[in-house]
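Working through the structure, step by step
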Amino acid sequence: MSHSSIDPDEPRDGPPRPLEDEIAESRPRRGGRINPATFEVRLRRWALLLLITVPAVWFVVQRLT
């Protein structure tokens, strides 16, 4: 049995949209609200960066003085 047949009762989806369109729709518009999940990811990245950078800089300064 071939699975390529289309059931007339099933709703048809249009052609797949390009990924660029989906990415553009997921980004907030100017003046729009920030997505909480995106904000959390950015906050975690900054926290991790600072968690690594601050002690590294402190260590280098201590060794040079």
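Residues numbered from 1 in each chain as written. Predicted model: local features only at pLDDT ≥ 70, side-chain atom pairs only at ≥ 80, totals over all residues. Heavy atoms only, no water.

We now examine the overall build of the chain. A tally of regular secondary structure across the chain gives two helices and zero strands. Of the roughly 7100 Å² of accessible surface on the chain, a fraction of 61% belongs to carbon and sulfur atoms. (Helix = DSSP H or I, 4+ residues; strand = E, 2+ residues; numbered from the N terminus. Areas by Shrake-Rupley, 256 points an atom, 1.4 Å probe, with all protein chains shown as cover.)

This brings us to the UniProt feature "transmembrane region" (unreviewed entry) in the chain. UniProt tags residues 43-61 as "transmembrane region" (unreviewed entry). Taken as a whole, residues 43-61 contains 100% helix and 0% strand, while its terminal C-alpha atoms sit 27 Å from one another. (UniProt positions renumbered as here; feature names shortened; annotations may be inferred.)

In total, this model carries one salt bridge according to the counting rule given. The partner of R44 in a salt bridge is E40, with the nearest N and O atoms 2.8 Å apart. One end of the pair, R44, and the other, E40, are both in helix 2 (residues 36-64), four residues apart, so they sit about a helical turn from each other. Accessibility expressed as a relative area gives 57% for R44, which makes it exposed. (Salt bridge = Lys/Arg side-chain N within 4 Å of Asp/Glu carboxyl O. Buried < 20%, exposed > 50% of the residue type's maximum accessible area, 1.4 Å probe, protein only.)

A surface patch of nonpolar side chains, about 440 Å² in accessible area, is lined by W46, L49, L50 and V54. Considering the arrangement of structural elements, one finds W46 in helix 2. Taking relative accessible area as the criterion, W46 reaches 57% and is therefore assigned exposed. (Patch = residues over 30% accessible without salt bridge, like charges linked within 9 Å, V, L, I, M, F, W, Y side chains within 5 Å.)

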